[in-house]
Amino acid sequence: QMQLAESGGGLVQAGGSLRLSCAAAGRTFGNFGMGWFRQAPGKEREFVAGLTWSGGMKTYADSAKGRFTIFPANAGKTVLLEMNSLKPEDTAAYYCAAGYWVGPPPSNDRQYAYWGQGTQVTVSS
């Protein structure tokens, strides 16, 4: 059973930056990938960014393009989400997710089998 542990959330002013980290513990195979989703109060969970471990394909939500970067850390199965130019509308609980798929990282949360507990990101105006 895979476990995901997120860290790096916090409070930041608009225009600031945060880096989220997610470490996957457990055996992985083949077409493994990881991603980030977020959920703001009263809203549905939405895809932010994803990464395939083999081949390094990346997918971003339109809201993340140009501001967020997803990339693997140098050690282990750890994925980082660098968030720049943060806006108050980025405030949400951010969840790390992992799964197996063919092709680029999907934005459909049903294709992610494993989930972390979430880390809160709050952007003040």
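Residues numbered from 1 in each chain as written. Predicted model: local features only at pLDDT ≥ 70, side-chain atom pairs only at ≥ 80, totals over all residues. Heavy atoms only, no water.

**Overview of the nonpolar core**
Note on soluble globular proteins: their nonpolar side chains tend to be buried together. Membership of the largest hydrophobic core comes to 27 residues, with the highest contact counts inside it found for Met34, Trp36, Leu81, Met83 and Tyr94. Secondary-structure elements contributing two or more residues to this core are strand E3 (18-25), strand E4 (32-39), strand E5 (46-52), strand E7 (68-72), strand E8 (78-83), strand E9 (92-100) and strand E11 (119-124). Counting 6 residues, the second largest nonpolar core, distinct from the first, contains Phe37, Phe47, Ala61 and Ala97. (Core = buried A, V, L, I, M, F, W, Y, C linked by side-chain atoms within 4.5 Å. Buried < 20%, exposed > 50% of the residue type's maximum accessible area, 1.4 Å probe, protein only. Helix = DSSP H or I, 4+ residues; strand = E, 2+ residues; numbered from the N terminus.)

**Some details on the state of the cysteines**
Overall, the coordinates contain 1 disulfide when judged by the stated rule. One disulfide in the model links cysteine 22 with cysteine 96; its S-S distance is 2.0 Å. Handedness here is read from the sign of the S-S torsion; for cysteine 22 and cysteine 96, about -80°, the answer is left-handed. With cysteine 22 in strand E3 and cysteine 96 in strand E9, the pair connects residues that are 74 residues apart, well separated along the chain. Owing to a relative accessible area of 0%, cysteine 22 belongs among the buried residues under this scheme. (Disulfide = S-S within 2.5 Å.)

**Some details on the pairing of strand E1 (residues 3-7)**
Burial along E1 is one-sided: the face carrying Leu4 and Glu6 is buried and the face carrying Gln3, Ala5 and Ser7 is not. Relative to E3, E1 runs antiparallel, the two being bridged by 5 bridges. Looking at E3, one finds that serine 7 is bridged to serine 21. (Pairing = 2+ DSSP bridges.)

**Some details on the pattern of salt bridges**
Counted by the stated rule, this structure contains 6 salt bridges. Of the charged contacts in the structure, one is a salt bridge between arginine 19 and glutamate 82, with a shortest N-O distance of 2.5 Å. Here arginine 19, found in strand E3, pairs with glutamate 82, found in strand E8; they are 63 residues apart in sequence, far enough to count as distant. Arginine 19 gets classed as partly exposed once you look at its relative accessible area, which sits at 46%. (Salt bridge = Lys/Arg side-chain N within 4 Å of Asp/Glu carboxyl O.)

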